[in-house]
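Analysis of the macromolecular model
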2 protein chains.
Amino acid sequence: MTMAPATTTAEIDVLTAAASDAAPIWRAADAGERAGWLRAIADALDTHIDELVTIADRETRLGETRLRGEVGRTSGQLRLFATVVEEGSYLELTVDDADAVSGRPELRRQLTGVGPVAVFSASNFPFAFSVAGGDTASALAAGNPVIVKAHSGHPDLSRRTAEVVTEALRAAGAPEGSFALIEGREAGNALVQHPAIQAAGFTGSVTGGRALFDLANGRPDPIAFYGELGSINPVVITPTAAAARGAALATGLVGSFTLGVGQFCTKPGVVFIPRDAGFEASVAEAVTDATGGQLLTDRITDAFPAGIDALLGSSSVELLGRGAPTETGAQPVVLATDAAAVTADPEVLLAEVFGPVTLLVRYDGDDDLHAALRAVPGSLTATLHSEEGDEVAATLALLESRAGRVLFAGWPTGVAVTWSQHHGGPWPATTSLHTSVGATAIRRFLRPIVYQDAPAHLLPAALRNEAIAALPHRRNGVLRVP
Amino acid sequence: MTMAPATTTAEIDVLTAAASDAAPIWRAADAGERAGWLRAIADALDTHIDELVTIADRETRLGETRLRGEVGRTSGQLRLFATVVEEGSYLELTVDDADAVSGRPELRRQLTGVGPVAVFSASNFPFAFSVAGGDTASALAAGNPVIVKAHSGHPDLSRRTAEVVTEALRAAGAPEGSFALIEGREAGNALVQHPAIQAAGFTGSVTGGRALFDLANGRPDPIAFYGELGSINPVVITPTAAAARGAALATGLVGSFTLGVGQFCTKPGVVFIPRDAGFEASVAEAVTDATGGQLLTDRITDAFPAGIDALLGSSSVELLGRGAPTETGAQPVVLATDAAAVTADPEVLLAEVFGPVTLLVRYDGDDDLHAALRAVPGSLTATLHSEEGDEVAATLALLESRAGRVLFAGWPTGVAVTWSQHHGGPWPATTSLHTSVGATAIRRFLRPIVYQDAPAHLLPAALRNEAIAALPHRRNGVLRVP
């Protein structure tokens, strides 16, 4: 790892000016061209996988298997967005023909790129949520140049990935200024406040995200800041589910909260379990075999035991079990407490601890459970393990109010990249109503524009009659798919 | 006009609690039910039109003809949103079936109401952008209870409209807590910061909107604040257009900037004209016949001459002409300056003045024009008057970058309420990428939620197979319209 040279303000001015020059070219690029640019990046990542994974493993300690899989996820994500661009629904083409009787003019609406986008990458997914990750892919797909602020946890990988992306775009014919990388916290702060930047994507901590959110909203001309900040991801297990499949649930839970050394944003951090169901014993048993590992950075490594100590500092919390000891890494930990304690002190007991730890919360009946659920902060996911015949309507309504994805009979750590995925939720899970994973992530970087009574030759290509007829569109209120 | 009793904090607690109780009922209501509630409000407004217009005319001085038309626009808007709810695209139903090979789970996504919405009403459209206006209609259509902060400019009308809305909803079977009205600036500030409120809509000044935007974003759990703040609405006239139809353009311009006594948010406030085209003389001539009138409030009445004086305070600005004198109201005013002066001092020369005044800006060639256009702030609209054969690509690109609606050969003051309308633009026109007029205004008050591997009986009604098949939806990437 070489020392990170912070990007200067003068350099940011140069990079944002180049991005501003590239923006109209990205906006005007037709679907085939823009999809080609996205696929060129995907192909380049796949071509360079060995080299990139070697650097990533050295900087993140996540291991080759996981990292190779993550490169595949990242190139797959770029290819999904190429498909989204070609499919064309994302343009939301809408025409209302002129109405001679009322004198209403002709209106043609489409979505178009907002302009240069700032992306702040995460530490825990050095490919999928980093330099060429989902924020970058969706911002480019929307027709915008991107400037990424590298995460300090993997600087060499960030630089090498940026080179691969830049070379791929150049070779594919994308304009100069399409993509750039900056480094340093102050540089990131300057970037989100730069007049040329029109929107920002972020994945990281509540503290870091809130600071950037405040900078984005404090601008003379505020911009949209799409942050994914923090998530406790509640799980509820009903008494009948615990009785019917307690051992399997315990094994599943341990597998989920220790996946990626507990560093997934969808890690189940709090699990509501029926008291006296024997489920605690099953979890305590299952965790003994669980292996931990090295955490991503020294800062996260230091914060992990401190976070556990903070929870154990509450007299209501006890240590239920630990995983296999590790010499240098984090050992998985299961804690336990009561629902009444969570209801009384949610800020301490429901604080997110990054790493392989989860908190079991014993509840006595629905009233006890629901009071505690009302104290759960907004999350990316909420999971319900119940059996047919369980009365779960009220519990489900509470989980729905607190999360963007509600799971049944599974675990939240996997996040499929599809058309329907939603990876977002009420604050602090995300700072907006939008997703950062899946096809609709493209929405974040688009703005509507409508043309009134425009002569055909002055319309953007996608809004001319022949283009509209070939793509999903709405005309005079009627949605049509060609 | 009776004295406005400010709503207390305790009253706001009661109203927001009732709204929170009503929220799940609105969310769960099926399309027919929710559309019925919207149409009930529309019908009630039409039924009470005489009484409402009488109060409105007394409080706003806008005249019966305009006000009757505005009631029709408002009830029509509610009916459009009823249609939007029934059509069902707004739900964005999306299903990805489980994939046994990859182990990918089933995902079903829909949009759902965010929860109780705060609406801050405007002074200049006492029906269409007030108590039962577009923000209220779109928030209800999305499935959310609404609490409106009345504009102090028409308190009696606000109260009576709120009674009509409340009675209509009650008679139609909507739950208690569906709708409420509050009064007073401090009450409004408390409302936007109240934990129960999940989003806010606003139409008004840059100063007032920015203050509320900052409160919404400064919350411990920030909420989306959809404000429409201010707009200068640039118009560009090319030399050939001025030569070909100067007199008609002058008449059209005067009609547009004096419409509603110049109190439209889409009023053309700055008009770029070719120097020496004789167009100035045409405008000076056309304005002499224009009638002014009384402005909405005493504050606006006082601010109007002050705004004109501020413009005339610049040595580059001259008075070009005035409309017909009025005894008590505002007299239409046309000012003129040079493009170079605008480029040099945009903050003063492009300040929005509410009322019947516009500023002609003479330009010498495209370079001069484009430099000034780059200084134009974000606007709701931008208008280009050109002739076939004019080279306008660069000018058009600048206008597109500055506005959400680009008009050709018309005037911006009319805003059709349709599926394709976009009434929004870069800051300060709006605080978000969304529209406050037209079908897609509903988007602002919806959040996505996805269900993973849910048993059919625990899915929301709209996400079950039979409902999906009957509505526009995407399944495994393919968009289908039944």
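About the criteria used
Residues numbered from 1 in each chain as written. Chains lettered and ligands numbered in written order. Predicted model: local features only at pLDDT ≥ 70, side-chain atom pairs only at ≥ 80, totals over all residues. Helix = DSSP H or I, 4+ residues; strand = E, 2+ residues; numbered from the N terminus. Buried ≥ 20, exposed ≤ 12 C-beta atoms within 10 Å, placed from the backbone. Contact = placed C-beta atoms within 7 Å. Pairing = 2+ DSSP bridges. Axes fitted to C-alpha atoms, helices over the stretch in contact; angles between N-to-C directions. Nonpolar A, V, L, I, M, F, W, Y, C, P; charged D, E, K, R; others polar. Domains from an automatic or database assignment. Core = buried A, V, L, I, M, F, W, Y, C linked by C-beta atoms within 7 Å. Least-squares fit on C-alpha atoms with pLDDT ≥ 70 in both. Expected span 1.5 Å × (residues − 1). Bend = angle between axes of the 7 residues up to and from the residue. Parallel < 35°, antiparallel > 145°, perpendicular 65-115°, else oblique. Left-handed = near helix turned anticlockwise from the far one by under 90°.

**Concerning the overall build of chain A**
The helix and strand inventory of chain A stands at 16 helices and 17 strands. In chain A, which comprises 482 residues, the proportion classed as buried is 58%. Here the contacts in chain A between residues at least 6 apart in sequence split such that 77% fall between residues at least 24 apart.

**Section: the sheet that holds strand 2 (residues 107-113) of chain B**
Sheet architecture is open: 12 strands sit in the order 10(A)-11(A)-12(A)-9(A)-8(A)-13(A)-14(A)-15(B)-2(B)-1(B)-16(B)-17(B), paired in mixed fashion. Strands at the two margins of the open sheet, each flanked by one partner only, are strand 10 (318-322) of chain A together with strand 17 (478-480) of chain B. Adjacent strand axes in the sheet meet at a mean angle of 20° when their direction is disregarded. Contacts from helix 15 (residues 393-402) of chain A reach strand 8 (234-237), strand 13 (379-385) and strand 14 (403-408) of chain A together with strand 15 (446-452) of chain B, with the element oriented near 160° to strand 13 of chain A.

**Quick word on the interface of chain A and chain B**
Each partner contributes residues to the interface: chain A has 51 residues there, and chain B has 51 residues. With six residues, the top contributor of residues to the side of chain A that touches chain B is strand 15 (residues 446-452) of chain A. The residue makeup of the side of chain A that touches chain B, split by class, is 26 nonpolar, 14 polar and 11 charged. With three bridges connecting them, strand 15 of chain A and strand 14 (residues 403-408) of chain B associate as parallel partners. Each residue of the ladder has a partner; that of Tyr 451 of chain A, found in strand 14 of chain B, is Val 406 of chain B.

**Structural notes on the domain arrangement of chain A**
Many descriptions give the size of an interface as the accessible area lost when the pieces come together. All names here are of chain A. Partitioning chain A into structural domains gives domain 1 (9-229 + 431-480) and domain 2 (234-408). Here the C-alpha centroids of domain 1 and domain 2 sit 35 Å apart. Taken together, the contact pairs eight residues of domain 1 with seven residues of domain 2. Grouping the amino acids of the side of domain 1 that touches domain 2 by side-chain chemistry returns one nonpolar, four polar and three charged.

**Overview of the sheet that holds strand 3 (residues 117-120) of chain B**
Residues and elements named next belong to chain B. Spatially, the five strands line up as an open sheet ordered 5-4-3-6-7, and their pairing is parallel. Here the strands that pair on one side only, and so sit at the sheet edges, are strand 5 (179-182) and strand 7 (224-228). Neighbour to neighbour, the strand axes of the sheet diverge by 15° on average, direction disregarded. Of the strand pairs in this sheet, strand 6 (residues 199-203) and strand 7 are connected by five bridges, and their pairing is parallel. Opposite Ala 199, over in strand 7, you have Ala 224 as the bridge partner.

**Structural notes on the environment of Gly 88 of chain A**
Residues and elements named next belong to chain A. Of note, Gly 88 is situated in the loop between helix 4 (64-87) and strand 1 (93-96). C-alpha separation for the pair Gly 88 and Ala 31, spaced 57 residues apart in sequence, amounts to 7.9 Å. Setting aside anything within four residues of it in sequence, one finds Gly 88 in contact with Ala 31, Leu 471 and Pro 472.

**Here we look at the nonpolar core**
With 316 residues, the main nonpolar core has Ala 200 of chain A together with Ala 200 of chain B as its most contacted residues. Setting aside residues up to four positions removed in sequence, Ala 200 of chain A forms contacts with Val 117, Ala 118, Phe 120, Val 192, Leu 212, Ala 216, Ile 223, Phe 225 and Tyr 226 of chain A.

**Structural notes on the pairing of strand 2 (residues 107-113) of chain A**
A regular strand places its side chains so that they alternate between the two faces of the sheet. Residue and element names in this part refer to chain A. Counting buried residues in strand 2 gives six out of seven residues, a clear majority hidden from the surface. The pairing of strand 1 with strand 2 spans three bridges and is antiparallel. By the bridge assignment for strand 2, Thr 94 is matched with Arg 109. As paired strands, strand 2 and strand 15 are joined by seven bridges and run antiparallel to one another. Bridge pairing links Arg 109 to Val 450 in strand 15.

**Re the relation of the copies chain A and chain B**
Each of the two chain copies goes to the other by way of a rotation about an axis and a shift along it. When chain A is fitted onto chain B, the two copies agree to an RMSD of 0.0 Å after a turn of 180° and an axial shift of 0.0 Å. Both copies are brought into coincidence by an operation consistent with a two-fold rotation axis. A shared binding surface is used by both copies, with 100% of the interface residues of chain A retained as interface residues in chain B.

**Details of unusual backbone geometry**
Backbone torsion omega between Trp 427 of chain A and Pro 428 of chain A reads 5°, so that peptide bond is classified as cis. Here Ala 409 of chain B, not a glycine, exhibits a phi torsion of approximately 65°, which is positive. By the element assignment, Ala 409 of chain B lies in the loop between strand 14 and strand 15. On the neighbour-count criterion, Ala 409 of chain B (18 C-beta atoms within 10 Å) is partly exposed.

**Details of helix 1 (residues 9-28) of chain B**
All names here are of chain B. Its 20 residues place the ends of helix 1 29 Å apart at the C-alpha level, agreeing with the 28 Å of an ideal helix rising 1.5 Å per residue. At Ala 22, helix 1 shows its maximal bend, which comes to roughly 30°, and the proline Pro 24 appears one to four places after that position. Buried residues along helix 1 sit in contact with strand 2, strand 4 (146-149), strand 5 and helix 7 (185-193).

**Section: helix 4 of chain A**
Since there are 3.6 residues in each turn of an α-helix, residues three or four apart along the chain are aligned in direction. Its 24 residues give helix 4 of chain A an end-to-end C-alpha distance of 34 Å, which sits within 8% of 34 Å, the value for a rise of 1.5 Å per residue. With its phi angle positive at about 90°, Gly 88 of chain A sits one or two positions after the end of helix 4 of chain A.

**Looking at the packing of helix 2 (residues 31-47) of chain A against helix 5 (residues 134-141) of chain A**
All names here are of chain A. Packing of helix 2 against helix 5 leaves a shortest axis separation of 10 Å and a crossing angle of 160°. What the angle tells us is that helix 2 and helix 5 run roughly antiparallel. Read as a crossing pair, helix 2 and helix 5 show a hand that is right-handed. The segment helix 2 lies against helix 5, with Arg 34, Trp 37 and Leu 38 engaging Ala 137, Leu 140 and Ala 141.

**Brief notes about the packing of helix 3 (residues 49-60) of chain B against helix 4 (residues 64-87) of chain B**
Residues and elements named next belong to chain B. Closest axis-to-axis distance for the helix 3/helix 4 pair is 10 Å, and the angle between their directions is 130°. Between helix 3 and helix 4, the interaxial angle falls into the category oblique. For the element pair helix 3 and helix 4, the recorded crossing hand is right-handed. Judged by residue contacts, Ile 49, Leu 52, Val 53, Ala 56 and Asp 57 of helix 3 engage Glu 64, Leu 67, Arg 68 and Val 71 from helix 4.

**Here's the deal with the environment of Ala 469 of chain B**
Tracing the chain through its elements places Ala 469 of chain B in helix 16 (residues 465-470). Sequence separation between Ala 469 of chain B and Pro 482 of chain B is 13 residues, and the spatial gap between their C-alpha atoms is 6.8 Å.

**What to know about the environment of Phe 179 of chain B**
Tracing the backbone through its elements, the reader meets Phe 179 of chain B in strand 5. Between the C-alpha atom of Phe 179 of chain B and that of Asp 99 of chain B, which follows or precedes it by 80 residues, the distance is 44 Å.

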